[in-house]
Amino acid sequence: MGATLLDLTERLVPISDFSQGKAGKIFNDVAKNNNEYIILKNNQPTAVLLSVKEYREIQEKSAKLEELMEKIENMRLLKLAEERESSNTSSFEAFVNEQGFSMEELEEISESVEFE
């Protein structure tokens, strides 16, 4: 853990280092060694500098993860729909009547509402 912490502290770079001629060294390290840097502004982390290769890998993984999450959500919704299909359901009109309204009253109300 100590080595990881030491490595992290070596990767913290104040933004002022870029105006002091150290940018070339940092960019070379990123390009050649695939190292990442955390850029500090007012001693607060504000940006991460990483290689284009690493960025593309992250983007690809992110896209795959989004696709996987979408498939999981679709499966969840399909299961929910199947469960509801086999349960006792009633029509929308029956629900409206149970609430003490008629479809005509509901239609009148919907016509009188304005959306901005």
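Structure: see above.
Here the structure is a predicted model, which is why all the values come from computation and not from measurement.

Trainee: Would you mind showing me how to read the overall build of the protein here?
Mentor: When helices and strands are counted, the protein shows 6 helices and 3 strands. Listing the helices and strands of the protein from first to last along the sequence gives α-β-α-α-β-β-α-α-α. Against the 2.2 N^0.38 benchmark of 13 Å for 116 residues, the protein shows a C-alpha radius of gyration of 29 Å, more extended than a compact globule. Each of the three principal axes of the protein carries a C-alpha extent, and together these read 75 × 35 × 25 Å. The buried share of the protein, reckoned over its 116 residues, is 13%. In the protein, 29% of the contacts between residues at least 6 apart in sequence involve partners at least 24 apart.

Trainee: Could you clarify how one ought to interpret unusual backbone geometry in this entry?
Mentor: Peptide bonds are, in most cases, trans, and in most cases residues other than glycine have a negative phi. Residues other than glycine seldom take positive phi values, yet Asn 42 does so here, at roughly 55 degrees. Turning to its location among the elements, Asn 42 is positioned in the loop between strand S2 (37-41) and strand S3 (44-49). On the basis of relative accessibility, which here comes to 69%, the residue Asn 42 falls in the exposed class. The residue Asn 43 is not glycine, and still its phi comes out positive at about 65 degrees.

Trainee: Explain the pairing of S2 here, please?
Mentor: Residues in a regular strand point their side chains to alternate faces of the sheet. Direction of pairing for strand S1 (residues 12-14) relative to S2: parallel, over a ladder of 3 bridges. Residue pairing in the sheet places Leu 12 in a bridge with Ile 38 of S2. By the bridge criterion, 5 bridges tie S2 to S3 in an arrangement that is antiparallel. Across the sheet, Ile 38 pairs through a bridge with Val 48, a residue of S3. Between S2 and S3, which pair antiparallel one after the other, the connecting turn spans 2 residues, and Asn 42 there sits at a positive phi close to 55 degrees.

Criteria and thresholds
- Residues numbered from 1 in each chain as written.
- Predicted model: local features only at pLDDT ≥ 70, side-chain atom pairs only at ≥ 80, totals over all residues.
- Heavy atoms only, no water.
- Helix = DSSP H or I, 4+ residues; strand = E, 2+ residues; numbered from the N terminus.
- Rg over C-alpha atoms; globule rule 2.2 N^0.38 Å.
- Buried < 20%, exposed > 50% of the residue type's maximum accessible area, 1.4 Å probe, protein only.
- Contact = heavy atoms within 4.5 Å.
- Pairing = 2+ DSSP bridges.

Just geometry here; none of it tells us what the structure is for.
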